[in-house]
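Results of the structural survey
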Amino acid sequence: MEMSSAVASCFPCRLQRQTPLFFLLGLLLSALSLRPGLGLYTVNTVYGDTIVLPCHLEVPNGLLFAKWKYEIANKASESIALRSAKKPSAQYDNVPEYKDRISLSENYTLSINNARIGDEKKFVCMFVTEDNVFEQATLVKVFKQPSKPEIVNQAEFLETEELKLLGECITRDGYPAGNITWFKNGAILQHAEEAVVIDEQIDADKTSGLYTIKSSLKYKPTKDDTGAQFTCTVTYFGPTGPEIIRSESEVPNIYYPTEKVQIEILSRRKTIKEGDNITLKCSGNGNPPPQEFLFFIPGEPGPIRSSSFHELTDVRRNATGEYRCSLTDESLIDSTTVTVHYLDLSLTPSGEVIKQIGEALPVSCTISSSRNATVFWLKDNNRMRSSPSFSSLQYQDAGNYVCETILQEVEGLKKSQILTLIVQGKPQIKMSKRTSTDGSYKTIACHVEGFPKPAVQWTSSGGVINKTEETKYINGKFISKIKIAPEENITLTCIAENLLERAVTSLNVSAISIPESDEPEEKSDDNRENINDQAKLIVGIVVGLLLAATVAGVAYWLYMKKSKSASKHVAKDLGNIEENKKLEENNHKLEA
């Protein structure tokens, strides 16, 4: 495994913390392994693997047998395997710890299966002849990678200015024993009195010889340590050199006192209006945050003790003012200003108002608001250019008037009132007449004005007339019409009546073929009727003369034709003389 630059740069300081005897031995063995000429070789192997020990000697002439033994300091050497130069198989000594674990090949290489910590010895290869013994020693070094370090027994929280156990870093089953290093945000933590205290403990398993290392960290945090990541690493020796394994990071919960409180106004809108619900939120920047506060509310005789939130419903304009919150001991306090916007509208008069035509009606719309408001008028849902003013009411002034106001800066703050104006008047009527283009009928119109809408009835000398037509009733006016073709002069009467009064007007109408002479205001209509009658008479005379001339011409032509025929055939047609006389008499009558 690769070693980080931070650890690599501090690797000498890590070596200083190792057991002195272990490191002196390690340096000596490394030096010997690099200098085989001194007669000592080193074989590095991994725990559980097979140890392969070649015999670094040339096979001498006259070899009788080869033998392997191991040596332990302050103890006699012990033989474990022998192979005769003349026998095909090897012989193994009864050594319990190597039973069924060793084998000696034909080239005298010794193999040891399932390497253990106890195999870390000096093994010697021996060639024996009749007159000499040759030896070559090999040192076996066993390495075991420890488990990944983990931080255990973590504190639920740390408090500022208090030295407390943050946690323990533990790694198991390693060989040789390594050491543990603590880091904060990637930087090495060094021992510092009253701020950083690191204790390390190394335990060896009596059966396997593997080491368990435990390192505890006591730490005094500051507020700036909030969110800091703590890790630990184990540095150990492997077959190829030092290696490092890093733990997962841990972020302890740092407790620190509240230094500042803050009050906020929570509302669905940016601005607050009457009728809204608002929530006051008070918070502190400590950890853990305070759970209880005092709220100072305008109009309340004293503070209100509450959690972080305090709700106000259906606020009114008198809720405008300064709001404060503090810790329960009032040591820290914060404030904010709340403005509750309002909008009032007063329309005079309002509702349904009934007035008589021609009367005056003053109208006023008064606004009261927390800010400048925009006012506009609507009549029958149409925007008006200016406010209504009535010095002399007319029927067209009737309708629904709405005075509406709005605060542009405050969402949803809008008020309006309605004036329903009814303009009443007694019925007023006027009659007129008109003859159709072909002169076949006359149209009599009764122009009616009034409110409520008058009911109209037509009568004549002959009784009530039911077949009438009416135009639309607009602005208190409409027209009732009848069509007649009188054969004699008649008098028509129009009667209009509403809740206020009854009005009656009559009109004389001449027969369709007789020129009429009516009231002065109707002269234009009589003249048109006389002119039409005269034109019809002239046309009739001209048509009659043309017809008479045509008949006379045809008779004369027939007469002349028959006269010529009679002169040629006098002898044959004497019997026709009487007929010719009669024809001649008829012609004279037509000419007359």
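Our structure is the block above this text.
Here's a quick rundown of the structure.

Conventions and cut-offs
Residues numbered from 1 in each chain as written. Predicted model: local features only at pLDDT ≥ 70, side-chain atom pairs only at ≥ 80, totals over all residues. Heavy atoms only, no water. Helix = DSSP H or I, 4+ residues; strand = E, 2+ residues; numbered from the N terminus. Contact = heavy atoms within 4.5 Å. Pairing = 2+ DSSP bridges. Axes fitted to C-alpha atoms, helices over the stretch in contact; angles between N-to-C directions. Buried < 20%, exposed > 50% of the residue type's maximum accessible area, 1.4 Å probe, protein only. Polar contact = N/O pair within 3.5 Å; in protein donor to acceptor, adjacent residues only side chain to side chain. Disulfide = S-S within 2.5 Å. Phe/Tyr/Trp six-rings, centres within 6.5 Å; stacked < 30°, edge-to-face > 60°. Lys NZ or Arg CZ within 6 Å of the ring centre and 35° of its normal. Core = buried A, V, L, I, M, F, W, Y, C linked by side-chain atoms within 4.5 Å.

Considering the environment of I444
As for its placement among the helices and strands, I444 is situated in strand β36 (residues 442-451). For the pair I444 and I482, spaced 38 residues apart in sequence, the C-alpha separation works out to 5.4 Å. Beyond its immediate chain neighbours, meaning those up to four positions away, I444 contacts M431, S432, K433, W458, S480, K481, I482, I484, L492, L507 and V509.

Concerning the sheet that holds strand β2 (residues 51-53)
On the basis of which strands lie adjacent, the open sheet formed by three strands has the order β2-β7-β6 and antiparallel pairing. If you trace the sheet from one side to the other, it starts and ends with β2 and β6 (102-104), each paired once. Pairs of neighbouring strands in the sheet enclose a mean axial angle of 15 degrees, with direction left out of account. Alignment of β6 against strand β7 (residues 110-112), held across three bridges, turns out to be antiparallel. Pairing of I102 across the sheet is with I112, part of β7.

Here we look at the pairing of strand β13 (residues 179-184)
Within β13, five of the six residues are buried, leaving the element largely enclosed by the surrounding structure. Where β13 and strand β17 (residues 230-238) come together, six bridges link them in antiparallel fashion. Residue pairing across strands places F183 opposite T231, the latter belonging to β17. Bridge analysis of β13 against strand β14 (residues 187-188) gives two bridges, and the strand direction is antiparallel.

Observations concerning unusual backbone geometry
Cis peptide bonds are those with omega within 30 degrees of zero, and the linkage from Y175 to P176 qualifies with -10 degrees. Looking at the secondary structure, you find P176 in the loop between β12 (164-174) and β13. Each neighbour pair has its own omega, and for T348 with P349 the value is -10 degrees, a cis peptide bond. With respect to the helices and strands, the residue P349 is situated in the loop between β29 (343-348) and β30 (351-356). One non-glycine residue, N74, lies in the positive phi region at around 65 degrees. Among the structural elements, N74 can be located in the loop between β3 (65-71) and β4 (78-84). Even without being a glycine, D314 presents a positive backbone phi close to 50 degrees.

Quick notes on the side chain of T231
Relative to the helices and strands, T231 resides in strand β17. For T231, the side chain forms a polar contact with the side chain of R246, separated by 3.4 Å. With near-sequence residues (within four places) excluded, T231 lies in contact with I151, T181, W182, F183, R246, S247, E248 and S249.

Focus on the environment of L166
Within the fold, L166 resides in strand β12. Expressed as a C-alpha distance, the spacing of L166 and S216, which sit 50 residues apart in the sequence, is 7.8 Å. Setting aside its immediate chain neighbours within four residues, L166 contacts N153, Q154, A155, L158, W182, L217, K218, Y219, F230 and P252.

Observations concerning the state of the cysteines
What the rule picks out here adds up to five disulfides. Between C55 and C125 runs a disulfide, and the two sulfur atoms are separated by 1.8 Å. Handedness of the C55-C125 disulfide follows from its S-S torsion of about -90 degrees: it is left-handed. Of this pair, C55 sits in the loop between β2 and β3 while C125 sits in strand β8 (residues 122-128), placing them 70 residues apart in sequence. When sorted by exposure, C55 lands in the same class as C125, which is buried. Covalent S-S linkage joins C169 and C232, the inter-sulfur distance amounting to 2.0 Å. Here the S-S torsion is close to 75 degrees, and the disulfide linking C169 with C232 is therefore right-handed. Of this pair, C169 sits in strand β12 while C232 sits in strand β17, and the two are 63 residues apart along the sequence. Given the relative accessible area of 0%, C232 is considered buried.

With respect to the packing of aromatic side chains
Across all of its chains, the model carries nine aromatic pairs by this definition. Seen in terms of ring centroids, Y473 and F478 are 5.8 Å apart; in terms of plane orientation they differ by 70 degrees. Their pairing is edge-to-face. An aromatic cluster is present here, built from Y70, Y98 and F123 joined pairwise through their rings. Over the ring of F296 we find R324; its NZ or CZ atom is 4.6 Å from the centre of that ring. The ring of F376 carries the charged tip of R383 above its face, separated from the ring centre by 4.1 Å.

Points about the nonpolar core
Nonpolar side chains in soluble globular proteins generally cluster together in the buried interior. Counting 27 residues, the largest nonpolar core has L53, W68, I80, Y98, L110, I112 and F123 as its most contacted members. For this core, the elements supplying multiple residues, two or more each, are β2, β3, β4, β6, β7, β8 and β9 (133-143). Ignoring sequence-local partners within four residues, the contact set of F123 consists of L53, W68, K69, Y70, I80, Y98, L110, I112, Q136, A137, T138 and V140.

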